[in-house]
Amino acid sequence: GAGRAVRYRRAEGAPTRFRFARLGLAEDRVWEALVERVPALAKLVGEAASNFHYAFTEMLNNAIDHAGAQTIDVVIEPGQDRLAFEIIDDGEGIFEHVRRRLSLSTPLEALQEISKGKVTTMPDRHTGEGIFFTSKIADIFQIDSGDMRWIVDNLQGDIGVGNIPPLRGTRVRFEAGWVPRRTLESLFAEYTDDTAFSTTCLLYTSPSP
């Protein structure tokens, strides 16, 4: 606005964006650097800190190892009642990558495999569980790639797939409240048996208390 209509907001509430060269990037070092530079991340404590650290490092590691990207952008977006991050790469795109590596017919088939949490294109380094668990611990989880969007809304208990304008690479968005809905311990207990991933869920089910 102008004159009397001018309004201000605290700078710490504005999204901040960082760009990294993928080669030689390490997810834990990026997280540690961002905690020092972004006040919102430094405010995370307890289970909220554990959830965000898990989700961020899993999604950034996926981009580093799988995307074949030159650069990776990280966006941190604080809000009054929640915090979000986005990880954006300029690589092949997650749905196309999985479709090609697993010899599937369509990107939608690739999404179906990704959502199970038991498939990886790099079995010597990954279990395929990261996206599955991250999508469950989020309030809202979204992946955009190619011309497809997958969104998991755990607040509304809904999952959707839709079309978007073609996007190069992959954009992953994670949103969760400052006070988490659930803990990683309870999530792992629901889907693992003696630390081994034993159960998957393709349709939405309400989380156990």
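For clarity, every value in this text was computed on a predicted model and none was experimentally measured. (Residues numbered from 1 in each chain as written. Predicted model: local features only at pLDDT ≥ 70, side-chain atom pairs only at ≥ 80, totals over all residues. Heavy atoms only, no water.)

(A) Looking closely at the overall build of the protein chain. Looking only at helices and strands, the protein chain features seven helices and seven strands. Its helices and strands taken in sequence order, the protein chain reads β-α-α-α-β-β-α-α-α-β-β-α-β-β from the N to the C terminus. Going through the 209 residues of the protein chain one by one, you find that 46% of them count as buried. Looking at the protein chain as shown, the accessible area adds up to about 11300 Å², and 50% of this sits on carbon and sulfur atoms. (Helix = DSSP H or I, 4+ residues; strand = E, 2+ residues; numbered from the N terminus. Buried < 20%, exposed > 50% of the residue type's maximum accessible area, 1.4 Å probe, protein only. Areas by Shrake-Rupley, 256 points an atom, 1.4 Å probe, with all protein chains shown as cover.)

(B) Just unusual backbone geometry, in detail. At Ser103, a residue that is not glycine, the phi angle is positive and equals roughly 55 degrees. By the element assignment, Ser103 lies in the loop between helix H4 (94–101) and helix H5 (107–116).

(C) Seen up close, the sheet that holds strand E4 (residues 140–153). Ordered by their spatial adjacency, five strands build an open sheet running E1-E2-E3-E5-E4, and the pairing between neighbours is antiparallel. Of all the strands in the sheet, the pair left with one neighbour each is strand E1 (16–21) and E4. In this sheet, neighbouring strand axes are inclined to one another by 15 degrees on average, regardless of whether the strands run parallel or antiparallel. As paired elements, strand E3 (residues 82–89) and strand E5 (residues 158–177) share eight bridges and run antiparallel to each other. Its bridge partner lying in E5, Ala84 is registered against Glu175. Sheet strands in contact with helix H3 (residues 46–66) are strand E2 (71–78), E3, E4 and E5, and its direction is about 10 degrees off that of E3. Lying over the sheet, H4 contacts E4 and E5, oriented at roughly 110 degrees with respect to E4. (Pairing = 2+ DSSP bridges. Axes fitted to C-alpha atoms, helices over the stretch in contact; angles between N-to-C directions. Contact = heavy atoms within 4.5 Å.)

(D) Quick look at the pairing of E2. Among the eight residues in E2, six count as buried, and that is most of the element. Strand direction decides the pairing type here: E1 and E2, joined by six bridges, are antiparallel. Within the sheet, the bridge partner assigned to Thr16 lies in E2 and is Ile76. Of the pairings in the sheet, the one linking E2 to E3 comprises seven bridges and is antiparallel in character. In the strand pairing of E3, Val74 is matched with Ile87. Hairpin connection from E2 to E3: three residues lie between these consecutive antiparallel strands.

(E) Layout of H4. Of the positions making up H4, those classed as buried are Ile94, Phe95, His97 and Val98. The arc that holds the buried residues of H4, viewed along the axis, is 165 degrees, so those residues lie on one side. Buried residues in H4 make contact with H3, H5, helix H6 (130–137), E4 and E5. One or two positions beyond H4, positive phi appears at Ser103, with a value near 55 degrees. (Arc of directions from axis to C-beta.)

(F) Spotlight on the nonpolar core. Leu34, Phe56, Phe85, Ile87, Phe141 and Phe174 are the most contacted members of the largest nonpolar core, which has 48 residues in total. In terms of residue count, H3 provides more of this core than any other element does, nine residues in total. Excluding residues that lie within four positions of it along the chain, Phe56 makes contacts with Glu27, Val30, Trp31, Leu34, Val74, Phe85 and Ile87. (Core = buried A, V, L, I, M, F, W, Y, C linked by side-chain atoms within 4.5 Å.)

(G) Focus on the environment of Pro166. Here Pro166 is to be found in strand E5. Once you skip the residues sitting within four places of it in the chain, Pro166 turns out to touch Gly146 and Asp147.

(H) Molecular detail of the pairing of E4. Summarising burial for E4: ten of the 14 residues are buried, a large majority. The sheet contact formed by E4 and E5 spans 13 bridges and is antiparallel. Residue Ile140 lies in a different strand from E5, and its bridge partner there is Glu175. Linking E4 back to E5 in an antiparallel pair, the connection comprises four residues, with Gly157 at a positive phi of about 70 degrees.

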